[in-house]
Amino acid sequence: MTYRTRLSAVPSWLALCAAGFLLAGCSSTKTDPTANWSPNKIYSEAKEEADGGAYDKAVPLFEKLEGRAAGTPLAQQAQIDKAYAQYRAGDKAQALATLDRFMKLHPASPAIDYALYLKGTINFNDDLGMFAWLTRQDLSERDQKAAKESFEAFRELVTRFPDSRYANDARQRMNYIVNSLAQYEVHVARYYYKRGAYLAAINRAQIALADYREVPALEEALYIMVLSYDALGMNDLRDDAKRVLTTNYPQSRYLAQGFKTKDDPWWKLW
């Protein structure tokens, strides 16, 4: 019996099964449900998903719209909305990349102020401050890279678009960030002081005093300098630092009570 003959002897029911499997495989190919949708229909569906909190479903729809309506204001809107959806879905890196791309491609867009505001908000590093009672750590103790990037986005917003609807909130957030950055320097100074690295503590406290004005952290910076100079036996410098402290903060709680505890974080002042 030849090979050809053996093949012809395969039962017909087995051949039908094989054909069925092939057809099933072909039918499993995914179809694009948006293929015949208009750009407005895609946008409507994407917004509906986003408004319902299904950001993971909204993102691919916005991406389809970007390609389907390329070169139109609707495509620009889709890109901005996609960035927001990515942010709310927890994909901050992709959201920031989307915003950077948007601002590069559309520098004259009327939505640039919102793009800057959203970029600043994504980097705004206040979540730990709000929930510090759970972690026993406050905002100033974190790496401040995101806070600095947030500040730069907000500063560009208020500089270029001072009358933007987002400018006032951006200014308040900038104030919060400045307080955080100053407190970060003081947190490091306190860390050095408590480990006996008094010169390092003084240097870090001086950075806070040199770089920031009228922020709560400066009172503690001066207090750390008083303690550190005293520990080093530099009495004249200690007295000078204490004089500045009492002049600027005549009711200083640090001189009366010492360092704040974890139950009294700086951000509760604001």
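Here the structure is a predicted model, which means the values were calculated and not measured.

## Some remarks on the overall build of the protein chain
For step 1, the next point in the chain: Across its full length, the protein chain holds 15 helices and 0 strands.
For step 2, the next point in the chain: Across the 270 residues that make up the protein chain, the buried fraction comes to 39%.
For step 3, the next point in the chain: Put simply, of all contacts in the protein chain between residues at least 6 apart along the chain, 55% involve residues at least 24 apart.
For step 4, the next point in the chain: If you sum the accessible surface of the protein chain, you get close to 16000 Å²; carbon and sulfur atoms cover 54% of it.

## With respect to the nonpolar core
For step 1, the next point in the chain: Membership of the largest hydrophobic core comes to 50 residues, with the highest contact counts inside it found for Leu99, Met103, Phe154, Ile177 and Ile224.
For step 2, the next point in the chain: When residues of this core are traced back to their parent elements, those giving at least two are helix H5 (73–88), helix H6 (92–105), helix H7 (112–123), helix H10 (145–160), helix H11 (167–194), helix H12 (198–211), helix H13 (217–231) and helix H14 (235–248).
For step 3, the next point in the chain: Those residues in contact with Leu99 that lie beyond four places of it in its chain are Ile80, Ala83, Ala115, Leu118, Lys119 and Ile122.
For step 4, the next point in the chain: Ala50, Leu65, Ala75 and Ala78 belong to the second largest nonpolar core, which has 14 residues in total.

## With respect to the environment of Leu61
For step 1, the next point in the chain: With respect to the element layout, Leu61 can be found in helix H4 (residues 55–68).
For step 2, the next point in the chain: You can call Leu61 buried: its relative accessible area is 12%.
For step 3, the next point in the chain: Linking Leu61 and Ala46, residues 15 residues apart in sequence, is a C-alpha distance of 5.4 Å.
For step 4, the next point in the chain: Those residues in contact with Leu61 that lie beyond four places of it in its chain are Thr34, Trp37, Ile42, Glu45, Ala46 and Glu49.

## Looking at the packing of H6 against H7
When two helices pack together, their arrangement is given by the angle between the helix axes and the distance between those axes.
For step 1, the next point in the chain: Running from amino to carboxyl end, H6 crosses H7 at an angle of 155°, the nearest separation of the two axes being 10 Å. When the axis of H6 is compared with that of H7, the two are roughly antiparallel. Handedness of the H6/H7 crossing: left-handed. Counting all contacts with H6, which are made through Lys92, Ala95, Leu96, Leu99, Asp100, Phe102 and Met103, the residues of H7 involved are Ile112, Ala115, Leu116, Leu118, Lys119, Ile122 and Asn123.
For step 2, the next point in the chain: For the contact of H6 with H7, the class distribution of residues is 10 nonpolar, 1 polar and 3 charged.

## Brief notes about H12
Since there are 3.6 residues in each turn of an α-helix, residues three or four apart along the chain are aligned in direction.
For step 1, the next point in the chain: Between the first and last C-alpha of H12 there are 20 Å, a value that for 14 residues agrees with the 20 Å anticipated at 1.5 Å per step.
For step 2, the next point in the chain: Listing the buried residues of H12 in full gives Ala201, Ile202, Ala205 and Ala208. The buried residues of H12 occupy one face: seen down the axis, they fall within an arc of 120°. In H12, the exposed residues that point more than 90 degrees away from the buried face are Leu199, Ala210 and Asp211.

## Quick look at the packing of aromatic side chains
For step 1, the next point in the chain: For the coordinates displayed, the defined rule picks out 13 aromatic pairs.
For step 2, the next point in the chain: Taking the centre distance of 5.0 Å and the plane angle of 20° together, the rings of Tyr117 and Tyr166 count as stacked. Of this pair, Tyr117 sits in helix H7 while Tyr166 sits in the loop between H10 and H11, and the two are 49 residues apart along the sequence. Tyr166 carries the same exposure label as Tyr117, and that label is buried.

## Some points on the pattern of salt bridges
For step 1, the next point in the chain: Within this structure, the stated rule accounts for 13 salt bridges.
For step 2, the next point in the chain: Arg190 is the salt-bridge partner of Glu220, the closest N and O atoms lying 2.7 Å from each other. With Glu220 in helix H13 and Arg190 in helix H11, this pair connects stretches of sequence that are 30 residues apart.
For step 3, the next point in the chain: The buried category is assigned to Glu220, whose relative accessible area is 3%.
For step 4, the next point in the chain: Put simply, Glu66, Lys82 and Arg101 are held in one network by salt bridges that share partners.

## As for the packing of H5 against H6
For step 1, the next point in the chain: In contact at an axis separation of 7 Å, H5 and H6 are set at 160° when each is read in the N-to-C sense. Comparing the axis directions of H5 and H6 gives the class roughly antiparallel. Considering how the two elements wind past one another, H5 and H6 form a crossing that is left-handed. Residues Gln76, Gln79, Ile80, Lys82, Ala83, Gln86 and Tyr87 of H5 touch H6, and the partners they reach there are Lys92, Gln94, Ala95, Thr98, Leu99, Arg101, Phe102 and Leu105.
For step 2, the next point in the chain: A per-class count over the contact of H5 with H6 returns 7 nonpolar, 5 polar and 3 charged.

## A closer look at H10
For step 1, the next point in the chain: Given a rise of 1.5 Å per residue, 16 residues ought to cover 22 Å, and the 23 Å separating the end C-alpha atoms of H10 matches this to within 8%.
For step 2, the next point in the chain: Of the residues making up H10, those classed as buried are Ala147, Ser150, Phe151, Ala153, Phe154, Leu157 and Val158. Projection of H10 onto a plane perpendicular to its axis shows the buried side chains occupying an angular sector of 165°, all on one side. Structural note: H10 exposes Lys145 and Thr159 on the side pointing more than 90 degrees away from its buried face.

About the cut-offs
Just so you know, the residues in each chain are numbered from 1, in the order the chain's sequence is written. This being a predicted model, a pLDDT of at least 70 is required before a residue's local features are given, and a value of 80 or more before pairs of side-chain atoms are given or counted; all residues contribute to the totals for chains, interfaces and linings. As a rule here, side-chain values come from all non-hydrogen atoms in the structure, and water together with hydrogens is ignored. The helix count covers DSSP runs of H or I at least four residues long, the strand count covers runs of E at least two residues long, and both are numbered beginning at the N terminus. We call a residue buried when its accessible area falls under 20% of the maximum for its residue type, exposed when it is over 50%, and partly exposed in between, using a 1.4 Å probe and counting protein chains only. Here a residue-residue contact requires only that any non-hydrogen atoms of the pair lie within 4.5 Å. Each accessible area is a Shrake-Rupley result for a 1.4 Å probe, and residues are judged covered by the shown protein chains and nothing else. By nonpolar core is meant a set of buried Ala, Val, Leu, Ile, Met, Phe, Trp, Tyr and Cys residues that side-chain atoms within 4.5 Å join together. Only the contacting stretch of a helix is used when fitting its axis, a line to C-alpha atoms as for every element, and angles between N-to-C directions run 0 to 180 degrees. Roughly parallel means an angle under 35 degrees; roughly antiparallel, over 145; roughly perpendicular, 65 to 115; everything else is oblique. Take the far helix as your reference; a near helix turned counterclockwise from it by less than a right angle gives a left-handed crossing, and one turned clockwise gives a right-handed crossing. Classes in brief: Ala, Val, Leu, Ile, Met, Phe, Trp, Tyr, Cys and Pro nonpolar; Asp, Glu, Lys and Arg charged; the others, Gly included, polar. In this analysis, the expected span of each helix is defined as 1.5 Å times one less than the number of residues it contains. The arc refers to the directions leading from the helix axis to the C-beta atoms. Only the six-membered ring of Trp is used, alongside the rings of Phe and Tyr, when aromatic pairs are assigned; centres must lie within 6.5 Å, and planes under 30 degrees apart are stacked while those over 60 apart are edge-to-face, with the rest tilted. Salt bridge, as used here: a side-chain nitrogen of Lys or Arg that lies within 4 Å of a carboxyl oxygen of Asp or Glu.

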